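# Observations on the three-dimensional arrangement
Residues per chain, in single letters:
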Amino acid sequence: MENTALNIAVLVKYVPDAQFDRHLTGAGNTLERAESILSELDEYAIEAALALSEARGGEAAGNKVTAITMGPASAVAAVKKALQIGATEGVHLSDEALAGSDAAATSLALAAVVRHLGGVDLVLTGMASTDGETSLVPAQLAARLGLPQITFASSLEVDSSGEAHVATARRDGDIYAETIQATLPAVVSVTDQANSPRYPNFKGIMAAKKKTVTALTLAEIGVEPASVGHEGSLTVVKAAEAREHRPAGTIITDSGDAGIQLVDFLAAQKLL
Amino acid sequence: MSAVVVFIDQTEVSTSPGHPVLSKSSQELLTLARLAGEPVAAVAGEASDELAAALGGAGVSRVFASSQDELTGYLVAPKADFVAQVATAAGAAAVLVGNNFEGKEIAARVGIALNAGVISDAVGLTVADGAITVQKSVLAGSYTVEASATSAVSVISVKSNSVDAEPAAVPATAAVEQFTAEFAPASLGAKIIERTPKPASGRPDLSDARIVVAGGRGVDGNFGPVEELADVLGAAIGASRAATDAGWIEHSAQVGQTGKTVAPQLYISVGISGAIQQKAGMQTSKVIVAVNKDAESPVFEIADFGIVGDLFDVLPQATAEIKRRRG
């Protein structure tokens, strides 16, 4: 290809920090959005996008990395973090009607954003969000967009020497390691094995202040409010119960026979 | 009774010794399917006589099987097309799949194909008046929620060890029907160009093992004592991310947020501090034993039995003691 530049969309999510206690609240048992951060697993998707962009000349050569998020006003922080790390520009889909979206509604809205942007060669995501942890959205997004799906990639390369961009990825299963190939455009999710994400540096943080974040509403991307949020979701959480703390166990300090005591414990539990 | 389609993947059969023709997790799915309705099997790959007999024993009378090349030549999407089309053909009210990476993705795509709600990471299900309610643990095991699909069909991916696999009270005779799925062009977009089998360990599969012995940073490159204890217990071997990142053991052994979630009868954590990412993968285990040099390790907060000590002393002693007691 004469022009090897890539137009990459990276999906990012603003999630409650798992280092603190997280709580489900309200009638819909939704997650309390306190002490939030960019979902850690999205950093691998951002890194994969930046590496691909840089390998073919970066922004100067026409490569673009757009960080997309959906969520309330505060969620724009995830996009801003992506811009500090190095994304070119940001998109924030925000609409009250989105609240309570399950994977089906989320993938519907995000697919509409990707279509609205147009000309996207590669949609990159993390392997899961660190709050919902379902990993459903990348596969549903690929299905909705009618694009090839390469998920849980532990490595990703794009070859642009031929007629089209061709992505090659590795996926590690339990029984097989697979090498997968797809012609772009495609949806790719990467694992935490794919790369080592960079941190934003001072230059990146300053540069991010000048970058554009486009705010979008559902009306602007042509999505009916009733097709997303609580109303458009196909699942409902009827009840939520905090798991009881495990009762304190027996802790001993080894004074030479802890291995024997361990076996005594297993025998008493009928686990031998 | 409405049909409940269970996806049975015979294209990726485990090479572990003594592995039954119908995997343990498939037997668990069929046990749950019988609770929810009439179990119908969607078999990718060959439905041998032996498999049909095992399915009959699990109460399955209808089997839809496909050995189409696309099912193994491309990633995930063709399997999802197959399952969705079987569900439609069988008039299914629910679809059950395993909860490994591929199972979740099949569930995700079947959900889109059937405009059905998808619930992943299920640990149980109950049925009242024909409606299925799913129990799942969320937020790294800190909450248990009850969820259900509001659509005509429920698509559920179920974790291993969520139920004791049992044969049907009344066995059925499984009639195998060859099924030809139609694949959308985009489903044939991600081609598998190479597939390398991983060496068989000879140990149980980590995802559905009854006992797991897992090592972390504390093993300092030497998994020997962990392996020896695992082998006398007939256990699978797990690892923390620190241990897999260090290259001491392969990544597929990782237990935790970005690895596997396990819920065995017994989890023995060795030289693992027990940060939230690790706990996420194991804290619903029935019994947790921890061995760590550092008395302040968070893992001791969730351990039923904890030993503050050197794993290189404690593990060999325990291994020798188990051998001695068994004579």
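Quick note: structure is the one above.
Residues numbered from 1 in each chain as written. Chains lettered and ligands numbered in written order. Predicted model: local features only at pLDDT ≥ 70, side-chain atom pairs only at ≥ 80, totals over all residues. Heavy atoms only, no water.

### Examining the sheet that holds strand β13 (residues 266-270) of chain B
This is how it is decided: Should DSSP find at least two bridges between two strands, the strands are regarded as paired. A run of H or I in DSSP becomes a helix once it reaches four residues, and a run of E becomes a strand once it reaches two; helices and strands are each numbered from the N terminus. Only the stretch in contact is used when fitting a helix axis, every axis being a line fitted to C-alpha atoms; angles between N-to-C directions are given from 0 to 180 degrees. In what follows, residue pairs with any heavy atoms lying within 4.5 Å of each other are defined as contacts.
The 6 strands are arranged β16(A)-β15(B)-β14(B)-β13(B)-β11(B)-β12(B) in an open sheet whose pairing can be described as parallel. Lying at the two open borders of the sheet, with one neighbouring strand each, are β16 (250-253) of chain A together with β12 (236-239) of chain B. With direction set aside, neighbouring strand axes in the sheet form an average angle of 15°. Direction of pairing for strand β11 (residues 211-215) of chain B relative to β13 of chain B: parallel, over a ladder of 5 bridges. Each residue of the ladder has a partner; that of valine 213 of chain B, found in β13 of chain B, is isoleucine 268 of chain B. Sheet strands in contact with helix α10 (residues 311-326) of chain B are β13, β14 (287-292) and β15 (305-308) of chain B, and its direction is about 130° off that of β14 of chain B.

### Overview of helix α8 (residues 258-268) of chain A
Which entries qualify depends on this criterion: Relative accessible area decides the class of each residue, using a 1.4 Å probe on protein chains only: under 20% of the type maximum gives buried, over 50% gives exposed, and in between gives partly exposed. Relevant arc is that of directions from the helix axis to the C-beta atoms, nothing else.
Those residues of α8 of chain A that sit buried are Ala258, Gly259, Leu262, Val263, Phe265 and Leu266 of chain A. Buried residues along α8 of chain A cover an arc of 155° about the axis, so they all sit on one side. Where α8 of chain A is buried, its residues touch β16 of chain A together with α6 (224-233), β13, β14, β15 and α10 of chain B. Lysine 270 of chain A lies just past α8 of chain A and shows a positive phi near 60°.

### With respect to helix α4 (residues 77-90) of chain B
Residue and element names in this part refer to chain B. Applicable threshold: To estimate the expected span of a helix, subtract one from its residue number and multiply by 1.5 Å.
Over its 14 residues, α4 runs 20 Å from end to end, which matches the ideal 20 Å to within 8%, given 1.5 Å per residue. Most of α4 sits out of view: 11 of its 14 residues are buried. Taken together, the buried positions of α4 are Ala77, Pro78, Lys79, Ala80, Asp81, Phe82, Val83, Ala84, Val86, Ala87 and Ala90. Buried residues along α4 sit in contact with β1 (3-9), β2 (38-44), β3 (62-66), α3 (70-73), β4 (92-98) and α5 (101-114). Just downstream of α4 lies glycine 91, where phi reads positive at about 65°.

### Some details on the interface of chain B and chain A
For clarity, the cut-off: As used here, buried area is the combined drop in accessible area, with a 1.4 Å probe, of two parts when they are placed together. A pair is scored as a salt bridge if a Lys or Arg side-chain nitrogen falls within 4 Å of a carboxyl oxygen belonging to Asp or Glu.
Contact with chain B, which involves 87 residues of that partner, is made by 77 residues of chain A. Buried surface at the junction of chain B and chain A, both sides included, amounts to about 7300 Å², of which 57% is carbon and sulfur. When the buried area of chain B at its contact with chain A is split by residue, Leu139, Tyr143 and Phe305 of chain B rank highest and sum to 9% of it. Seen at the junction of chain B and chain A, the total is 6 salt bridges.

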